[in-house]
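# Reading the structure
Each chain, letter by letter, is given below.
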Amino acid sequence: ENRPIPEPGPNEVLLRMHSVGICGSDVHYWQHGRIGDFVVKDPMVLGHEASGTVIKLGSGVTHLKPGDRVAIEPGVPRETDEFCKTGRYNLSPTIFFCATPPDDGNLCHYYKHSASYCYKLPDNVTFEEGALIEPLSVGIHACKRAGVTLGSKVFVSGSGPIGLVNVLVAKMMGAAAVVITDLSASRLQKAREVGADFTIQVKNETPQEVASKVESLLGCMPEITVECTGVEACIQAGIYATRSGGTLVLVGLGPEMVTVPIVNAAVREVDIRGIFRYCNTWPVAIALLASKRINVKPLVTHRFPLEKALEAFETTKRGEGVKVMLKCDPTDHNP
């Protein structure tokens, strides 16, 4: 639908949007109208993996200027609460977040956003790389919470976009070997392209069987498991696979209640950690992309103009390719 071009507030900038990636959560809201406690009650604009160009400044903005190309961090705290004070602003209960009800996202031609959460892109980083900082940030946050370090052996469960960015980041942070699982052979092929050392195509193995395959491929049980599916059997496999004293990070979100072998984890001192989005990751990601230490370009497999958004969403829903990118600037469809 047509909407008026928004007017930026004192600490906001108006952006001409360029590239917006489609996330599984966008598709989920479109299809089901809710994710857990977040329920769509009014019309909502989707999109939160985004980049664009500054075209207008609020009166208080000094660090950006019109023409700057920026990546957008979609989560903006509304108040400086205890979580902001300790640097974990992603946990602030009143945070604004693009395309999480009731907050509108940025899948549109023009969008206004807090200037402090728009990060200038260096000339050698493309708009699409800027949009991919959002999923990449999930990998950075998850691998930091997991404690990936030099020589780590890592098991990543699920080879969708989030599984793939966890492979990229784990290798970047010094992991010696990464094994990844998925149902889809084509997704596992993409995982090999981005640096996975071993892949396992899961068919109908039990969680214990998956865990033992992981161990035999790595030559040991991994210290770290990053679970990116939210599927009950995969969480179970994650617990069985992780070495005693190791860490399991739950990234994928599935049903509210799942049955897991919690005693197995407890008696082996396997730490189970959750993550909620990310925080303090954009500057890190920009530095990695600008220095060419990490390459996210192979993740983009499809591109559609904004006018063909429905087609783009259908493509994502069918599970085709990896990352579908929408191009919001009619005059510039370049990456």
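Residues numbered from 1 in each chain as written. Predicted model: local features only at pLDDT ≥ 70, side-chain atom pairs only at ≥ 80, totals over all residues. Heavy atoms only, no water.

This paragraph deals with the sheet that holds strand E13 (residues 224–227). In spatial order, the strands read E12-E11-E10-E13-E14-E15; together these six strands make up an open sheet with parallel pairing. Since the sheet does not close on itself, it has two edges, and those belong to strand E12 (198–201) and strand E15 (271–274), each with one partner. Between one strand axis and the next, the sheet turns through 15 degrees on average, direction left out of account. Pairing of strand E10 (residues 153–157) with strand E11 (residues 177–182), which is carried by five bridges, proceeds in the parallel orientation. Looking at E11, one finds that Ser157 is bridged to Thr181. (Pairing = 2+ DSSP bridges. Helix = DSSP H or I, 4+ residues; strand = E, 2+ residues; numbered from the N terminus. Axes fitted to C-alpha atoms, helices over the stretch in contact; angles between N-to-C directions.)

Mapped onto this structure's residue numbering, the UniProt feature "domain: Enoyl reductase (ER)" (unreviewed entry) falls at residues 1–326. Overall, residues 1–326 shows 31% helix and 23% strand. The separation of its end C-alpha atoms is 16 Å. (UniProt positions renumbered as here; feature names shortened; annotations may be inferred.)

As a further point, take the pairing of E13. The side-chain alternation of E13 yields two buried faces, one formed by Ile224 and Val226 and the other by Thr225 and Glu227. Alignment of E10 against E13, held across four bridges, turns out to be parallel. Its bridge partner being in E13, Val154 is matched across the sheet by Ile224. When E13 meets strand E14 (residues 247–250), the two strands line up parallel, connected through four bridges. Paired with Val226 across the strands is Val249, a residue of E14. The handedness of the E13 to E14 crossover, carried by helix H7 (residues 232–241), is right-handed. (Buried < 20%, exposed > 50% of the residue type's maximum accessible area, 1.4 Å probe, protein only. Right-handed = clockwise from strand over helix to strand, strands pointing away.)

Before going further, it helps to examine the domain arrangement of the protein chain. Structurally, the protein chain comprises domain 1 (12–120 + 296–327) and domain 2 (139–274). Once you take the C-alpha centre of each, domain 1 and domain 2 turn out to be 27 Å apart. Tallying the contact residues gives 10 residues for domain 1 and nine residues for domain 2. Considering only the surface of domain 1 that becomes buried against domain 2, Pro298, Leu299 and Val322 emerge as the three largest contributors, covering 57% of it. Between domain 1 and domain 2 we count zero salt bridges in total. For the interface between domain 1 and domain 2, the tally reads two residue pairs in polar contact (both at pLDDT 80 or more). Split into classes, the residues belonging to the side of domain 1 that touches domain 2 amount to four nonpolar, four polar and two charged. (Domains from an automatic or database assignment. Contact = heavy atoms within 4.5 Å. Buried area = accessible area lost by both parts, 1.4 Å probe. Salt bridge = Lys/Arg side-chain N within 4 Å of Asp/Glu carboxyl O. Polar contact = N/O pair within 3.5 Å; in protein donor to acceptor, adjacent residues only side chain to side chain. Nonpolar A, V, L, I, M, F, W, Y, C, P; charged D, E, K, R; others polar.)

So, on to the side chain of Arg277. Examined against the element boundaries, Arg277 turns out to sit in the loop between E15 and helix H9 (282–290). Of the side chains with opposite charge, Glu134 comes closest to the buried, unpaired Arg277, at an N-O distance of 6.8 Å. A distance of 3.3 Å separates the side chain of Arg277 from the side chain of Thr100, its partner in a polar contact. Setting aside residues up to four positions removed in sequence, Arg277 forms contacts with Ile95, Phe97, Thr100, Val138 and His141. (Lys, Arg positive; Asp, Glu negative; His and termini not counted.)

A separate point is H9. Along H9, the positions that sit buried rather than exposed are Trp282, Ala285, Ile286, Leu288 and Leu289. End-on, the buried residues of H9 take up no more than an arc of 160 degrees, which puts them together on one face. Turning to H9, the residues buried within the fold contact strand E5 (69–72), strand E9 (118–120), helix H3 (127–146) and helix H4 (161–172). (Arc of directions from axis to C-beta.)

This part takes up the packing of helix H6 (residues 207–218) against H7. When two helices pack together, their arrangement is given by the angle between the helix axes and the distance between those axes. With their axes 8 Å apart at the nearest point, H6 and H7 run at an angle of 45 degrees to one another. In this view, H6 runs oblique relative to H7, as classed from their interaxial angle. Pair H6 / H7 crosses with right-handed handedness. Where H6 abuts H7, its residues Pro207, Gln208, Val210 and Ala211 lie against Ala233, Gln236, Ala237, Tyr240 and Ala241. (Parallel < 35°, antiparallel > 145°, perpendicular 65-115°, else oblique. Left-handed = near helix turned anticlockwise from the far one by under 90°.)

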